[in-house]
Amino acid sequence: MRESSFRRRVGGSYHPEPKQLRLSRRQVLVAGGTGLAAAALAACAGQTAPLLRPIGPRGPEVEAAERARAVAGATTASFKVNSGAVTVDLGGVTVDTWAYDGVIPGPLLTADVGQILEVTVANGLPDPTTVHWHGLALRNDMDGVPGLTQSPIAPRESMTYRFSLAHPGTYWFHPHVGTQLDRGLYAPLIINDPSEPGAYDAEHVIVLDDWLDGTGETPDQVLDRLRSEGMDMGGMGGSPASEELGGDAGDVVYPYYLVNGRIGTAPQAIDALPGQRLRLRLINAGGDTAFRVALGGHQLTVTHTDGFPVQPFTGDAVLIGMGERVDVLVTLGDGAFPLVSVAEGKDGAGLALIRTGDGAAPGPDIRPAELAGRVVTVRDLRAADDVLLADRRPDRTHELVLEGGMDGGYRWTINGRTFDRVEPLPVRAGETVRLRFINRSMMFHPMHVHGHTFQVRNEQRDGPRKDTVIVRPMETVVADLVADNPGQWLTHCHNIYHGEAGMMTTLSYVL
Ligand code: C2O
Ligand code: CU
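Visitor: A description of the overall build of the protein should follow, citing residues and the corresponding values.
Guide: Scanning the protein from N- to C-terminus turns up six helices and 33 strands. Relative to its 511 residues, the protein shows a buried fraction of 62%. Taking as baseline every contact in the protein between residues at least 6 positions apart, the subset at least 24 positions apart corresponds to 76%. For the protein, the exposed surface amounts to about 17,900 Å²; the carbon and sulfur share of it is 51%.

Visitor: Break down the coordination of the copper ion (ligand 2) for me, citing the residues and quoting the values.
Guide: Looking at the copper ion (ligand 2), the protein donor atoms are His 445 (ND1), Cys 493 (SG) and His 498 (ND1), and they sit 2.0 to 2.1 Å from it. In the primary structure, the donors to the copper ion (ligand 2) are separated according to the pattern H-x47-C-x4-H. With His 445 in strand β27 (residues 445-449) and His 498 in helix α6 (residues 496-500), this pair connects stretches of sequence that are 53 residues apart. Taking relative accessible area as the criterion, His 498 reaches 0% and is therefore assigned buried.

Visitor: Can you break down the pairing of strand β3 (residues 109-112) residue by residue, with the values?
Guide: Only one face of β3 is buried: it carries Leu 109 and Ala 111, and the other face, with Thr 110 and Asp 112, is open. For β3 and strand β8 (residues 187-192), the ladder comprises four bridges, and the chain directions are parallel. Residue pairing across strands places Leu 109 opposite Leu 189, the latter belonging to β8.

Visitor: Outline the sheet that holds strand β17 (residues 308-315), listing residues and values.
Guide: The strand order across the open sheet built from six strands is β12-β9-β14-β19-β16-β17, with neighbouring strands paired in mixed fashion. Edge positions in the sheet fall to β12 (256-259) and β17, since each has one partner strand and no second. Pairwise comparison of adjacent strand axes, ignoring direction, gives a mean angle of 25° for this sheet. Alignment of strand β16 (residues 300-305) against strand β19 (residues 325-331), held across four bridges, turns out to be antiparallel. Bridging from a neighbouring strand, Thr 301 pairs with Leu 329 of β19.

Visitor: Describe the packing of aromatic side chains, listing the residues and the values that go with them.
Guide: As enumerated under the stated definition, the model contains eight aromatic pairs in all. Both rings, one in Trp 133 and one in Phe 163, keep their centres 5.6 Å apart while their planes meet at 55°; by these two values the pair is tilted. With Trp 133 in strand β5 (residues 132-134) and Phe 163 in strand β6 (residues 158-164), this residue pair connects regions lying 30 residues apart in the sequence. The exposure class of Phe 163 is buried, given its relative accessible area of 1%.

Visitor: Quick one: what's the story with helix α4 (residues 60-69), residue by residue and with numbers?
Guide: Residues of α4 that are buried: Val 62, Ala 65, Glu 66 and Arg 69. Taken end-on, α4 shows its buried residues confined to a sector of 100°, consistent with a single buried face. Seen from the buried face of α4, the exposed residues on the opposite side, beyond 90 degrees, are Pro 60, Arg 67 and Ala 68. Lining the buried residues of α4 we find β6.

Visitor: Requested: an account of unusual backbone geometry, with residues and values cited.
Guide: Put simply, Ile 104 and Pro 105 share a cis peptide bond, and its omega is -10°. With respect to the helices, strands and loops of the structure, Pro 105 is situated in the loop between β2 (94-100) and β3. Even without being glycine, Asp 101 reaches a positive phi, approximately 55°. Positionally, Asp 101 belongs in the loop between β2 and β3. One non-glycine residue with positive phi stands out, namely Met 474, at about 65°. Locating Met 474 in the fold gives a position in the loop between β30 (468-471) and β31 (476-482).

Visitor: Pulling in residues and values, what's your account of the pairing of β31?
Guide: Counting buried residues in β31 gives five out of seven residues, a clear majority hidden from the surface. Of the pairings in the sheet, the one linking strand β26 (residues 432-439) to β31 comprises seven bridges and is antiparallel in character. Residue pairing in the sheet places Phe 437 in a bridge with Val 477 of β31. With two bridges connecting them, strand β28 (residues 454-456) and β31 associate as antiparallel partners. Among the inter-strand pairings, Val 456 is bridged to a residue of β31, identified as Ala 479.

Visitor: A description of the sheet that holds β31 should follow, citing residues and the corresponding values.
Guide: With respect to topology, six strands assemble into an open sheet ordered β24-β23-β26-β31-β28-β29, the strand pairing being mixed. Two strands in the sheet have a free side with no partner beyond their single neighbour: β24 (411-414) and β29 (465-466).

Visitor: Give a detailed account of the side chain of Asn 140, specifying residues and quantitative values.
Guide: Position of Asn 140 relative to the elements: it lies in the loop between β5 and β6. Among all residues touching Asn 140, those that are not within four sequence positions of it are Pro 57, Val 62, Thr 149, Pro 486, Gly 487, Gln 488 and Trp 489.

Visitor: Go over the pattern of salt bridges, please, and point to the residues and values.
Guide: Any two side chains of opposite charge can pair if their charged atoms end up close together. This model, assessed by the stated rule, comprises 31 salt bridges. Residues Arg 292 and Glu 344 are paired through a salt bridge, measuring 2.9 Å at the closest nitrogen-oxygen approach. On the criterion of sequence distance, the pair formed by Arg 292 in strand β15 (residues 291-295) and Glu 344 in the loop between β20 (336-343) and β21 (349-355) is long-range, its members being 52 residues apart. Comparing Arg 292 with Glu 344 shows no difference in burial state: the two are buried. As a salt-bridge pair, Asp 462 and Arg 382 come within 3.3 Å of each other at their nearest N and O atoms. Of this pair, Asp 462 sits in the loop between β28 and β29 while Arg 382 sits in the loop between β22 (375-376) and β23 (396-405), placing them 80 residues apart in sequence.

Visitor: Can you explain the side chain of His 452? Please cite residues and give values.
Guide: Considering the arrangement of structural elements, one finds His 452 in the loop between β27 and β28. At 2.9 Å, the side chain of His 452 and the backbone oxygen of His 450 are in polar contact. There is a polar contact of 2.7 Å between the side chain of His 452 and the side chain of Tyr 509. When neighbours within four sequence positions are excluded, His 452 is seen to be in contact with Lys 466, Asp 467, Leu 481, Val 482, Ala 483, Asp 484, Asn 485, Trp 489, Leu 507 and Tyr 509.

What counts and how
Residues numbered from 1 in each chain as written. Chains lettered and ligands numbered in written order. Predicted model: local features only at pLDDT ≥ 70, side-chain atom pairs only at ≥ 80, totals over all residues. Heavy atoms only, no water. Helix = DSSP H or I, 4+ residues; strand = E, 2+ residues; numbered from the N terminus. Buried < 20%, exposed > 50% of the residue type's maximum accessible area, 1.4 Å probe, protein only. Contact = heavy atoms within 4.5 Å. Areas by Shrake-Rupley, 256 points an atom, 1.4 Å probe, with all protein chains shown as cover. Donors = N, O, S within 2.8 Å, 3.2 Å for Na, K, Ca; no water. Pairing = 2+ DSSP bridges. Axes fitted to C-alpha atoms, helices over the stretch in contact; angles between N-to-C directions. Phe/Tyr/Trp six-rings, centres within 6.5 Å; stacked < 30°, edge-to-face > 60°. Arc of directions from axis to C-beta. Salt bridge = Lys/Arg side-chain N within 4 Å of Asp/Glu carboxyl O. Polar contact = N/O pair within 3.5 Å; in protein donor to acceptor, adjacent residues only side chain to side chain.

Here's what the structure looks like:
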């Protein structure tokens, strides 16, 4: 069964020689899509002969882009990470699962911007795996997408990922094979900027997750059940719904929600001092759950989304979709405060405690009033001045029509196609590219573009820089990016079940 779900991911073939597989596959796919894609490209580029030659993940253009990122005299931050099957205690609930280095979340990796990150990943899993460095503008052959940028790491083998770190911020990593990320395979990656003053006294990484592995079904079995029975079936609970998400809030109901690997009855306690300013780096590593996060008795000031700075915006709670990161500042009062991550539109929440003094620890069912206050979403935010993209007319626009649901089985598509029949979206290096995510389904999709940080341009021309953005039902989100990182870049819904059921495409640099 896992073999077959892997086959689906890589588009129906599993080949020991990745380069040939990749190139021939891309060529076939791109050639097969000559009709629309090539005609559009020719029109845009003012050419008459639409010959699209994809830039491979190891092409000279990729090397050149990496050289341009490299800092003279850069030092290397080296790590080893082991993926394996483990038994983990979530706080009184013990589960058999897969994790990095035996812990959930996996080990925190930190490095400085400009450094080279070098991570040797040993695969102790029974299945092939890869690691994707979510949100990073890195060299394409290190992006971790099997069948597109690398061959998977076979069981008992290892691979060393090595690339320059171009931007500071809050990032994370996870496999890009099947539903592996909905097990315990996820971990934070924080890239520091030593020259950033940092107006805070301490910082903490807060990783949110929805959890079911080892409680009866594996994520693979859930996907199979969704495929055979359709979503929101009785056995998985009622229909999750959220006004904030524009309707349907998910396909899977989870028994647990975790904050830093702990269930709400056994929360992590973070010690701090009254009056301290904390930076909380929130990461949503969930498979099918958006979270609404609040800290009892406090307001939150959002300073970054997806690693990039925004103009500070203060509210009572923040909404964070799967794959997204939100950094917030809080100035702490005196007492014991619940940091609550409500599974948006679902039943249940994750919990951590921030303790600066005496006071009874709040219980797992605490729901601070701030949760019902002003919820900060992407629509409130503006990019910080130093990360604004020039407001240029795009050289090329791609529409990504998002559809799917129960009709004809559990199937989610981009422009009418599942990933096994993908028509890549061609771009050329140097262009300003506009992506228009057009949601024609009844569910929200956190859409993620690999290797780039786009700028959201909806009502506001100067929306936040992001790599993952929630697109609500019947909404269109406009995302502009500068095509400055050649290669083949997966673009997909970060709902792991939607992605596996087809909602993925490729942003394909062509010559
Ligand atoms: Cu976290 Cu393809 O992404
Ligand atoms: Cu989706």
